Amino acid sequence: MKKLFSLTAIALFAFSALAHAEQLNVMTSGGFTAAYKILGPKFAAATGNTLDTQLGPSMGKAPEAIPNRLARGEHADVVIMVGYALDDLIKQGKVDPASRVELADSRIGLVVREGAPKPDISSVDGLKQTLLDAQSVAYSDSASGVYIEEQLFKKLGIEDQLKPKAKMIAKIPVGSVVATGDYQLGFQQVSELLPVPGVSFVAKIPESVQSVTRFAAGIPVGAQHPQEAKALLAYLAAPAAQADVQATGLDSVKR
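All values derive from a computational prediction rather than experimental measurement.

Asker: Talk me through the overall build of the chain; I want residue IDs and the actual numbers.
Answerer: Of the regular secondary structure elements, the chain holds eleven helices and eleven strands. Relative to the 2.2 N^0.38 estimate, which gives 18 Å for 255 residues, the radius of gyration of the chain is 19 Å and therefore close to what a compact globule would have. With the C-alpha coordinates of the chain rotated into their principal frame, the extents come out at 60 × 35 × 30 Å. Counting every position in the chain, which comprises 255 residues, the buried fraction comes to 51%. Summed over its atoms, the accessible surface of the chain is roughly 11800 Å², and 54% of this surface lies on carbon and sulfur atoms.

Next comes the structure, spelled out in structure tokens:
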């Protein structure tokens, strides 16, 4: 991975860019979105560039999914998504491999409806019992949900018990169906749970059964504004951005 811009370089670029502001088309997936919503406007204010943002999952069959958007010819200057999904786009020749920047790690957490008792999931046994006792369990249709459905329940030895009461929730935040009372427990990446009103965050699941999702970003081949896009990626990954990244429930990448 190429060395990131220094903050000084970003500042010099920002100064020169003010006279030639561009509109960057950005596609970002759920896990990094909360951090992007904080950092993106700061970058825009510093450089004079504007950001036109499209939200969509990193994978899957939904038309909003970033790979599907690119496949049908939608243009992007920056894509922010799950690292291994970005790597697939790089292998397909759709994203410049030299542009790849690692942004943050995302872990899975649990929410309950606001006001409901918070279960103790600090241990694997506690998590297992919480799942067995639950009347209903929801999880996302993104990387975290795939892990829960295909691996976590098996690791805990409760796959058969969970099948009748656990469901993958498509397109909408898992916390939203917990807030309405439709599901008792909701699992998703922490950064996607925290912004949802009407739920209480319990904790991250234990590290020994955790699945860490690395978020990364890159510049699609044929991007209209590659230099400005490179500056945005450097800004998102810079040390000065990490307080905002961590405030959204993500973990900084060790460099």
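Asker: Describe the environment of H75, listing the residues and the values that go with them.
Answerer: Looking at where H75 falls in the secondary structure, it is placed in the loop between α3 (66-71) and β3 (78-82). Once you skip the residues sitting within four places of it in the chain, H75 turns out to touch N25 and M27.

Asker: Tell me what's going on with helix α2 (residues 30-47), and back it up with residues and numbers.
Answerer: In this model, α2 (18 residues) spans 25 Å end to end at C-alpha, consistent with the 26 Å of a helix rising 1.5 Å per residue. The sharpest bend along α2 reaches about 45 degrees and sits at Y36. Positive phi appears at G48, one or two residues downstream of α2, with a value of about 85 degrees.

Asker: Can you explain the pattern of salt bridges? Please cite residues and give values.
Answerer: Counting across every chain of the model gives ten salt bridges. Here E102 ties to R214 by a salt bridge, and the two come within 2.6 Å at their closest N and O atoms. With E102 in strand β4 (residues 101-106) and R214 in strand β10 (residues 213-218), this pair connects stretches of sequence that are 112 residues apart. In this structure, R107 and E207 form a salt bridge, with 3.0 Å as the shortest nitrogen-oxygen distance. Of the two residues, R107 is situated in the loop between β4 and β5 (108-113) and E207 in the loop between β9 (199-204) and β10; the sequence distance between them amounts to 100 residues. The class of R107 is buried, set by a relative accessible area of 16%. In this structure, a network of salt bridges that share partners links the residues D87, R100, E102, D105 and R214.

Asker: Would you mind going over the nonpolar core in detail, with residue names and values included?
Answerer: Counting 40 residues, the largest nonpolar core has F32, V79, I80 and L103 as its most contacted members. Within the residue set of this core, elements represented by two or more residues are β1 (23-28), α2, α3, β3, α4 (83-91), β4, β10 and α10 (226-237). Among residues more than four places away in sequence, those in contact with V79 are M27, I66, L70, L86, V95, A216, A217, G218 and P220. In terms of nonpolar packing, the next biggest core, distinct from the first, is built from 22 residues, L127, L131, Y139 and L185 among them.

Asker: Summarise the sheet that holds strand β7 (residues 166-169); cite the residues concerned and give the values.
Answerer: Note: strands within a sheet are paired through backbone hydrogen bonds, in either parallel or antiparallel orientation. Spatial ordering of the open sheet is given by β7-β6-β8-β5-β9, a layout of five strands whose pairing is mixed. This sheet does not close on itself; its edge strands, each paired only once, are β7 and β9. The mean angle between the axes of side-by-side strands here comes to 30 degrees, regardless of whether they run parallel or antiparallel. Pairing geometry for strand β6 (residues 137-140) and strand β8 (residues 185-189), over three bridges, is parallel. Bridge assignment links Y139 to a residue of β8, and that residue is F187. The sheet strands contacting helix α6 (residues 143-156) are β5, β6, β7 and β8, and the helix crosses β6 at an angle near 125 degrees.

Asker: Explain unusual backbone geometry to me, using residue names and the numbers behind them.
Answerer: In the Ramachandran plot, K171 falls in the positive-phi region, its phi being about 75 degrees despite a non-glycine side chain. Within the secondary structure, K171 sits in the loop between β7 and α8 (174-179).

Asker: I'd like a rundown of helix α5 (residues 124-133), residues and numbers included.
Answerer: Within the sequence span of α5, burial applies to G126, L127, T130 and L131. Looking straight down α5, one finds its buried side chains confined to an arc of 135 degrees; they lie on one side. Turned more than 90 degrees away from the buried face of α5 sit D125 and D133, all of them exposed. Tucked into the core, α5 has its buried residues touching β6, α6, α7 (159-162) and β8.

Asker: Describe the sheet that holds β1, naming the residues involved and giving the relevant values.
Answerer: Strand order in the open sheet formed by six strands is β2-β1-β3-β10-β4-β11, and the pairing between neighbours is mixed. Both edges of this open sheet fall to β2 (50-55) and β11 (251-252), since each of them pairs with a single strand only. In this sheet, β11 lies alongside β4 in antiparallel orientation, the contact comprising two bridges. Directly across from D105, in β11, lies its bridge partner D251. Strands in contact with α4 are β3 and β10; relative to β3, the strand with the most contacts, it is inclined by about 130 degrees.

About the criteria used
Residues numbered from 1 in each chain as written. Predicted model: local features only at pLDDT ≥ 70, side-chain atom pairs only at ≥ 80, totals over all residues. Heavy atoms only, no water. Helix = DSSP H or I, 4+ residues; strand = E, 2+ residues; numbered from the N terminus. Rg over C-alpha atoms; globule rule 2.2 N^0.38 Å. Buried < 20%, exposed > 50% of the residue type's maximum accessible area, 1.4 Å probe, protein only. Areas by Shrake-Rupley, 256 points an atom, 1.4 Å probe, with all protein chains shown as cover. Contact = heavy atoms within 4.5 Å. Expected span 1.5 Å × (residues − 1). Bend = angle between axes of the 7 residues up to and from the residue. Salt bridge = Lys/Arg side-chain N within 4 Å of Asp/Glu carboxyl O. Core = buried A, V, L, I, M, F, W, Y, C linked by side-chain atoms within 4.5 Å. Pairing = 2+ DSSP bridges. Axes fitted to C-alpha atoms, helices over the stretch in contact; angles between N-to-C directions. Arc of directions from axis to C-beta.

These figures come from the coordinates and say nothing about function on their own.
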